[in-house]
Amino acid sequence: MQQDSMLDIDKNLESQAIMLQESIYPALASNQTDNLQQRILQLARNIDIRLTVIAEDGTVLADTDQNPTSMDNHRNRPELQQALEQGRGIVTRYSHTLSQTMRYLALPVGDDKLLSGFVRVAMPLSLIDKRLDHLRNVVILAASLTAIIALLVGVWIARSFAMPLRQMTNMAQKLSDGDYQQRLTIDRQDEMGDLAATLNQLALTAAQRMETITKDRNKLATILTGMVEGVIAVDETGHVIHMNEAAGRMIDAIPEVCFGKLLTDVISIDAIDDAIKQCLHTRGVVQSELKLSSPPRYFELYATALYEIVNRPTGAVIVLHDVTELRKLERVRRDFVVNASHELKTPVTAIHGLAETMLEDDNMEVDTRKNFLKKIRDQSLRLSELTTDLLALSRLESDGTEDFTSINLADIITSCSDALQAEANEKGVTLNAMLPDNELIVIADAKLIRQLLDNLLQNAIKYTPAGGHISLRLTVDDKQAIMEVEDDGIGIDTTEQERIFERFYRVDKAHSRTSGGTGLGLSIVRHIVKKHQGQVSVQSSLGHGSLFRVSLPLANS
Ligand code: ADP
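Residues numbered from 1 in each chain as written. Predicted model: local features only at pLDDT ≥ 70, side-chain atom pairs only at ≥ 80, totals over all residues. Heavy atoms only, no water.

### Re the pattern of salt bridges
Point 1. Counted under the stated rule, the structure contains 26 salt bridges.
Point 2. Between Glu-79 and Arg-93 there is a salt bridge, with its nearest N and O atoms 2.6 Å apart. One end of the pair, Glu-79, is in helix H3 (residues 78–86); the other, Arg-93, is in strand S3 (residues 89–95), with 14 residues separating them in the sequence.
Point 3. On the basis of relative accessible area, Arg-93 is assigned to the buried category, the value being 15%.
Point 4. Counted as one network, the salt bridges with shared partners bring together Arg-473, Glu-484, Glu-486 and Arg-549. (Salt bridge = Lys/Arg side-chain N within 4 Å of Asp/Glu carboxyl O. Helix = DSSP H or I, 4+ residues; strand = E, 2+ residues; numbered from the N terminus. Buried < 20%, exposed > 50% of the residue type's maximum accessible area, 1.4 Å probe, protein only.)

### As for the nonpolar core
Point 1. Ranked by size, the top nonpolar core spans 49 residues in total, and within it Ile-449, Leu-452, Leu-453 and Met-483 carry the most contacts.
Point 2. Elements supplying a minimum of two residues to this core: helix H11 (366–397), helix H12 (409–427), strand S13 (441–444), helix H13 (446–462), strand S14 (469–477), strand S15 (480–487), helix H16 (521–531) and strand S17 (545–553).
Point 3. With 8 residues, the single largest contributor to this core is H13.
Point 4. Here this core spans two domains, and each of domain 4 (326–396) and domain 5 (402–553) adds at least three residues to it.
Point 5. What Ile-449 contacts, discounting residues up to four positions off in sequence, is Ile-407, Leu-409, Ile-412, Ala-444, Met-483, His-532 and Leu-552. (Core = buried A, V, L, I, M, F, W, Y, C linked by side-chain atoms within 4.5 Å. Domains from an automatic or database assignment. Contact = heavy atoms within 4.5 Å.)

### Quick look at the sheet that holds strand S4 (residues 100–110)
Point 1. Taken in spatial order, the 5 strands line up as S2-S1-S5-S4-S3 in an open sheet, and their pairing is antiparallel. This sheet does not close on itself; its edge strands, each paired only once, are strand S2 (60–63) and S3. Each neighbouring strand pair of the sheet contributes to a mean axis angle of 25 degrees, computed without reference to strand direction.
Point 2. Sheet topology places strand S1 (residues 50–55) next to S2; 3 bridges connect them, and they run antiparallel. Residue pairing for S2: Val-53 is matched across the bridge by Ala-62. (Pairing = 2+ DSSP bridges. Axes fitted to C-alpha atoms, helices over the stretch in contact; angles between N-to-C directions.)

### A look at the sheet that holds strand S16 (residues 535–541)
Point 1. Within the open sheet, the 5 strands sit side by side as S12-S14-S15-S17-S16. Their pairing is mixed. With one partner strand each, in any of the chains shown, strand S12 (430–434) and S16 form the two edges of the open sheet. Strand-to-strand twist in this sheet, taken as the mean axis angle between neighbours without regard to direction, amounts to 15 degrees.
Point 2. Pairing between S16 and S17: 7 bridges, direction antiparallel. The residue of S17 that forms the bridge with Gln-539 is Leu-547.

Take it as geometry only, folks, not as evidence of what the structure does.
As structure tokens, this is what we get:
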């Protein structure tokens, strides 16, 4: 650049020299050099260049910076020599005249045949340096400005890319952290805008998918939590990945504590362990039965292999179904059939035996025959009572056979006690009914309530020796109608009290049978009370009597 500037300066000097050459040529050619000094001073008025006119012999004719007469002959000046030889002389050298380094440019003046002299233009090197410095400064300033502008533009461009990129990075981070509600507000028409729109769409889709997954998971969790069946899921290494509350209750474990642990570490139930191993091995459903003790509980166990990847089990699900109640009911039913058959068989066998004897003995005495026939009548009566009670029980066990109406309990109590008064008198016991003045209304099946009272009163008569007393009371306690049948009879031992409501349970079988008991009376009472959302209880002391208490909700409660 410095070289270019130097060339520019030289060109400038040359054009000044040419101008000077043209301007003074006529004067030099005609040898009219008087006004030369004045003319070049005029020419150099507005420029910083030294002009010199030199005669062909080297005499200085005019000079803008020195008095020409005081100047020595310039014929040997290198620039003049060069001009003479090459048509143009250009030299940088120290000027003794001006005591400073100058850039000289000399041109010969004249035509091809005759040299009239020389013109020389010169410029102090300091001025050139100054110009070059100035130029350099301008260039540096321009370059700096360009650099600053470029930097600013760069920063602006970088910012315009960096900011949305930062926002997008933040958003991607939040997406990976599970926050799908974030949205970008980058409104651009370029690739950055497209990327932002794609990220927003991604967040929206992810949010919708997460919502669906969460809904499904909650639904599944609700179903599993609400299930009565126990559900345990383990992975292929046997670690618990799910356990619902029902399962926790069944196997006495806390689900939250079991998560992530080896199932064999948290419960040691071989049947479950075996079922998991077997189902993972056979890749099918394994069904078995599980019995847990204290208290005894029975479970049906189903184990199924879990498949997240086709053909390779990734775990197993165990479903436990509590069948304790079912097993109990089955046992009760079995016992009932055995008991009922036994109860029915006794009178049938007796009747059969009596009839056979009578048939075989043609000469049986009349009294004996009468006695046999009486026994047959008693046994058939017993059979009839048994079947009546069994039918009553089976009716009570099937729903929808009741006829609920508003009934006044006092009326039913009066009619029952009146009906059994004769029987009590015959046995030699007194029967008293104590009733309140006001009506006590309950919503009940009148026939069933009558049956309930009959059973309790007949028991009281049966198990109270002659001379005893029976009281029948009706009172109110906390929105409940209370019916009490109290006797001062034989009483029931404390250990027997909770069993007397079971079917066919009798404290003293022989006594019960001889007094016409079937062992079903209190069981029927319990069923009737249950049908009316009431309660029945007994207080008794052996040898002192019993108190049966039935409470039924009052109609207006
Ligand atoms: P049962 O037909 O034998 O009376 P229940 O079911 O009515 O059958 O009664 C069961 C058993 O409870 C009776 O066998 C008897 O031992 C006892 N029991 C019931 N009521 C009384 C009572 N009032 N006093 C003493 N024992 C009673």
